[in-house]
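# Geometric and topological summary
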Amino acid sequence: MVREVYSAYASNCGLLWAGKERMMTEVHDAGREAPITFACSSSSSRYLCHLIIFLLLVSVSAQPGDVDDDVDDKSTDHLSDAKSSSEALFNFKSSLSTSSPKGQQVLGSWAPSTSPCTGNNANWLGVICFEGDVWGLQLENLDLSGAIDIDSLLPLHFLRTLSFMNNNFKGAMPDWNKLGALKSLYLSNNSFSGQIPDDAFKGMSYLKKLYLSDNQFTGNIPTSLATSCPRLFELRLENNKFTGSLPDFPLDVLKLLNVSNNQLEGPIPPSLSLMDPTTFAGNKGMCGKPLESTCSSPSPEANTTPNSLNSTVNGQSGDIIKKSPSVPSRVMLIVAVCLVVLCLAIVLILIIHRRSRNSNQDNPQLTSRVVESNNIDADQNTLSSAPDVIMSGNPTYPRHANNNSNNIKAGDALTAAATVVGKLSFVRDDRPRFDLQDLLRASAEVLGSGNLGSSYKALLMDGQAVVVKRFKQMNHVAKEDFHEHMRRLGRLSHPNLLPLVAYYYRKEEKLLVYDYASNGSLASHLHGNHSRLDWSSRLKIIKGVAKALTYLHNELPSLALPHGHLKSSNVLLDKYYNPLLMDYTLVPLVNLSQVQHLLVAYKAPEYAQLGRITKKTDVWSLGILILETLTGKLPTNYLALSTGYGTELASWVDTIIKDNESAFDKEMDVTTKDSQGQIQKLFNIGVACCQEDLDTRWDLKEALESIQALNDKDDADHQIVGV
Ligand SMILES: Nc1ncnc2c1ncn2[C@@H]1O[C@H](COP(=O)(O)OP(=O)(O)OP(=O)(O)O)[C@@H](O)[C@H]1O
């Protein structure tokens, strides 16, 4: 590799020496879209320039790979072709057996006459494709058994995700180290057994999600999970027979952990002390925070400070300390580190410089083009000023946006800030296809801007209306992860969920395309000027919301926050006033540093007080939504871009509870005593969902059952007023 790097350097130097006074060269970083240009203007800086370029090439080539690596390496790595993929999968198939008709149907679809993938579409069932390559296998609930033949999967160079959940695999854990590029591995609900070797995950530095729950594993949890998987953020080990103590996972990486119902013992490492207690439930020997049982003699581990924690977890740094390197090698190490830091600083400065130049060029164009074509208030309708609408604390809710003054060409709004080139990816088969150009040519209306981005309604040539939401703060998601998440959203289907239709991905640009909901949002009806909803419509809406929320919780059990952003502007209404939830399941996509500022769930009391998010956090949002729907009052500061559980919101809930009946929205037009009783009951449910104390707060199941038990006594007179 060093030789390749050096020859790249030498060829660049050829370029350098070609010019006498001013020398220019370009270093291409695989992860970048445009080359970085260096200018070495004088001979005195020549040597420094060469050094920097050489070091840059070294650092670029030697990078272990960041989140985008395995996508970007596609352009250089041509190993995977359709033929070898088919062969590999055929070999793999021969190691499996199944007696279930569904299993036979799935494996039977692996026909040699077709290739497994065409673009992002799979021709074989259970195969996940990405740009023509096999990217994953999802063979779940198929009664599969046999010995998982890892060797047969080795030719699938782009394989990143494997799921064999809910099957009948038995015996020892296969050696996954051979598939070191895997990002997710799901093996829950099988009959794997025995001890997992401590180094079982040593070669899996890309692993992000590992599900081993509901098997019969014994022995210690392998420490390689903590020391060799720096990206691991979901780990499910519950319902096994693991013994011993928990390894010390690095701080701030692991977001979802479940080790409940094992035979673990000893203190919970401080890095995990903020997790929900249910994470550790059913392990009699465990002690320390967040459990109530204190450890009798605190182990040295439990007293470890966060800083020392990092160093003990990081096996590499531990090795360096143990080996006590000699003085010259220490000096060389320090010099090398300094040089790398210097290079990184230079690269960073160049990137920032380039970006600020781009945005200086782009933004004025964006602003002027949108404003010119709109001729409307810039504060409300340009993308760059979007957050102001919310920051004011007084968001305005037009009944629903069909105001002609908002009409623009979608392309004007969408292409201005970034180049929108490429293809739309569709996530469901039941929709007429259109391409990005159709979307950009469509006439569009600005619907509004929120914390997460701006939304436009686009009317396509065939009369189809769709909404394009352009997201900010999603720039840290790797391309493959984004695709996987979109496919996951595309598989969701519920009458009260606004379906995601398609999406567009570029590193700096994310667009999600949804169906258009013709009756605007619940927020616009509750807080807009010209509309009101009667009681039975409100009850129908809350029932639908609770059902959709429960569906999300059932379908996405691995996520701590299956919705995460439930609020009245994200409850849309179709032409029959059925509710449709939107902006669901976005937590994994939003930049981590922004998630607590942008998503409603992070304003829940448990996050502000304990830094904790649980399944009940979505219930808290449901409670607020119920109280808002019954009172017609906009929760104070609820939608503002801010962190934490503002005291204003706490006192909003208190005031609403104190006011009780007098707080009910008069617009509900309630006449009968029966309805009044039902309203009071729904109000009480809302209060039960808004409890600050997590133990007293209802769970979603209880809330749904109670909401569904409510009757609409006014049904006979039911009509929507003021539409
Ligand atoms: N598919 C849709 N059909 C009809 N109206 C929509 C649709 N999507 C969004 N809207 C409306 O467009 C407006 C802007 O929505 P957007 O989702 O961009 O922001 P928000 O919901 O106010 O805030 P956030 O970005 O935090 O979710 C809102 O009033 C919303 O109800």
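Just so you know, these numbers come straight off a predicted model, no measurement behind them. (Residues numbered from 1 in each chain as written. Predicted model: local features only at pLDDT ≥ 70, side-chain atom pairs only at ≥ 80, totals over all residues. Heavy atoms only, no water.)

## Side note on the pattern of salt bridges
Summed over the entire model, instances satisfying the criterion amount to 12 salt bridges. Salt-bridge contacts for K208 lead to D481; the nearest nitrogen and oxygen are separated by 2.3 Å. In this pair, K208 sits in the loop between β12 (191-195) and β13 (209-211) while D481 sits in helix α15 (residues 479-491), placing the two residues 273 residues apart along the sequence. Of the two residues, K208 and D481, neither departs from the other in class, the shared state being buried. (Salt bridge = Lys/Arg side-chain N within 4 Å of Asp/Glu carboxyl O. Helix = DSSP H or I, 4+ residues; strand = E, 2+ residues; numbered from the N terminus. Buried < 20%, exposed > 50% of the residue type's maximum accessible area, 1.4 Å probe, protein only.)

## Details of the UniProt feature "transmembrane region" (unreviewed entry) in the protein chain
UniProt records the feature "transmembrane region" (unreviewed entry) for residues 331-352 in the present numbering. End C-alpha atoms of residues 331-352 are separated by 31 Å, and the span's content is 100% helix alongside 0% strand. (UniProt positions renumbered as here; feature names shortened; annotations may be inferred.)

## Re the site of the ligand
Not every one of the 21 residues close to the ligand is listed here, only the nearest: S455, K469, H565, K567 and D583. The side chain of S455 places a nitrogen or oxygen atom 2.6 Å from an oxygen atom of the ligand. Look at the ligand: alone it shows 600 Å² of surface, and the protein chains cover 94% of it. Elements supplying a minimum of two residues to the shell around the ligand: β22 (443-449), β23 (453-459) and β24 (465-471). Residue classes in the shell around the ligand are distributed as 8 nonpolar, 9 polar and 4 charged. (Near = heavy atom within 4 Å. Polar contact = N/O pair within 3.5 Å; in protein donor to acceptor, adjacent residues only side chain to side chain. Areas by Shrake-Rupley, 256 points an atom, 1.4 Å probe, with all protein chains shown as cover. Nonpolar A, V, L, I, M, F, W, Y, C, P; charged D, E, K, R; others polar.)

## Digging into a negative patch on the surface
On the surface, E292, D654, E692, D693 and D695 cluster together into a negatively charged patch. Here D695 falls in the exposed class, since its relative accessible area comes to 71%. (Patch = residues over 30% accessible without salt bridge, like charges linked within 9 Å, V, L, I, M, F, W, Y side chains within 5 Å. Lys, Arg positive; Asp, Glu negative; His and termini not counted. Charge placed at Lys NZ, Arg CZ, Asp CG, Glu CD.)

## Overview of the packing of helix α17 (residues 535-555) against helix α23 (residues 700-708)
The interhelical angle for the contact between α17 and α23, taken along N-to-C directions, is 150°, at an axis separation of 10 Å. One way to sum up the angle between α17 and α23 is to call them roughly antiparallel. Classified by chirality, the crossing of α23 by α17 is left-handed. Along its contact with α17, which presents I542, K543, A546, K547, L549, T550 and H553, the element α23 presents L700, L704, I707 and Q708. Across the contact of α17 with α23, the residue classes tally to 6 nonpolar, 3 polar and 2 charged. (Axes fitted to C-alpha atoms, helices over the stretch in contact; angles between N-to-C directions. Parallel < 35°, antiparallel > 145°, perpendicular 65-115°, else oblique. Left-handed = near helix turned anticlockwise from the far one by under 90°. Contact = heavy atoms within 4.5 Å.)

## Let's talk about the packing of aromatic side chains
Enumeration over the complete set of coordinates arrives at 13 aromatic pairs. A centroid spacing of 5.9 Å and a plane angle of 40° characterise the contact between F92 and F164, whose relative ring orientation is tilted. Of the two residues, F92 sits in helix α4 (residues 82-94) while F164 sits in the loop between β9 (161-163) and β10 (170-171), which places them 72 residues apart along the sequence. Given a relative accessible area of 0%, F92 falls into the buried group. Under the relative-accessibility criterion, F164 is labelled buried at 0%. Measuring from centroid to centroid gives 6.1 Å for F192 and F217, while their planes differ by 5°, and the two rings are stacked. Here F217 lies in strand β14 (residues 216-220) and F192 lies in strand β12, a separation of 25 residues in the sequence. (Phe/Tyr/Trp six-rings, centres within 6.5 Å; stacked < 30°, edge-to-face > 60°.)

## Quick word on the state of the cysteines
Enumeration over the complete set of coordinates arrives at 2 disulfides. Linked covalently through their sulfurs, C117 and C129 form a disulfide whose S-S length is 2.0 Å. Judged by the sign of its S-S torsion, about -80°, the cystine formed by C117 and C129 is left-handed. Remark: C129 occurs in strand β6 (residues 127-130) and C117 occurs in strand β4 (residues 117-118); sequence separation between them is 12 residues. Each member of the pair, C117 as well as C129, is classed as buried. Here C287 connects covalently by a disulfide to C295, the sulfurs 2.2 Å from one another. One disulfide, between C287 and C295, carries an S-S torsion of 105° and so falls in the right-handed class. Relative accessible area serves as the criterion here: at 12%, C287 is assigned to the buried category. C295 gets classed as partly exposed once you look at its relative accessible area, which sits at 21%. Unpaired in terms of disulfides, C689 finds its nearest cysteine sulfur in C690, a separation of 6.9 Å. (Disulfide = S-S within 2.5 Å.)

## Remarks on α23
Within α23 the residues assigned to the buried category are L700, A703, L704 and I707. Down the axis of α23, the buried set is contained in an arc of 95°. They therefore lie on one face. (Arc of directions from axis to C-beta.)

## Quick look at the environment of Q594
Along the chain, the position of Q594 falls in helix α18 (residues 592-598). In this structure the C-alpha to C-alpha distance between Q594 and L452, which are 142 residues apart in sequence, comes to 9.8 Å.

## Notes on a nonpolar patch on the surface
Residues L333, V337 and V341 make up a contiguous nonpolar surface patch of roughly 260 Å² in combined accessible area. The topology assignment puts V337 in helix α10 (residues 327-374). Assessed through its relative accessible area of 47%, V337 is described here as partly exposed.

## As for the sheet that holds β14
Reading across the sheet, the 6 strands line up as β10-β12-β14-β16-β18-β19 and stay open at both edges, with parallel pairing between neighbours. A single partner strand is all that each edge strand has here, and the edge strands are β10 and β19 (285-287). With 3 bridges joining them, β12 and β14 adopt parallel strand pairing. Within β14, the residue paired with S193 across the bridge is Q216. (Pairing = 2+ DSSP bridges.)

## Some words on the nonpolar core
Residues F482, M486, L512, Y602, L622, L630 and L682 are the most contacted members of the largest nonpolar core, which totals 79 residues. It is α17 that contributes the most residues to this core, 10 residues altogether. The residues touching L630, leaving out its near neighbours within four places in the chain, are W535, A663, F664, D665, M668, I679, L682 and F683. (Core = buried A, V, L, I, M, F, W, Y, C linked by side-chain atoms within 4.5 Å.)

## Here we look at the pairing of strand β16 (residues 241-244)
By the bridge criterion, 3 bridges tie β14 to β16 in an arrangement that is parallel. Each bridged residue has a counterpart across the sheet, and for T218 the counterpart in β16 is K241. Bridging between β16 and strand β18 (residues 263-267) involves 2 bridges; their strand directions are parallel. Within the sheet, the bridge partner assigned to G244 lies in β18 and is L264.

## A few points about the side chain of S152
The residue S152 is located in helix α6 (residues 150-153) in this model. For S152, a relative accessible area of 8% corresponds to the buried category.

## So, the packing of helix α20 (residues 615-631) against α23
Where α20 contacts α23, the two axes come as close as 10 Å, and the packing angle between them is 30°. By the criterion of interaxial angle, the relationship of α20 to α23 is roughly parallel. Judged by the sense of rotation from one axis to the other, the crossing of α20 with α23 is left-handed. Between α20, through V619, L622 and I626, and α23, the contact on the second element is made entirely by L700, A703 and I707.

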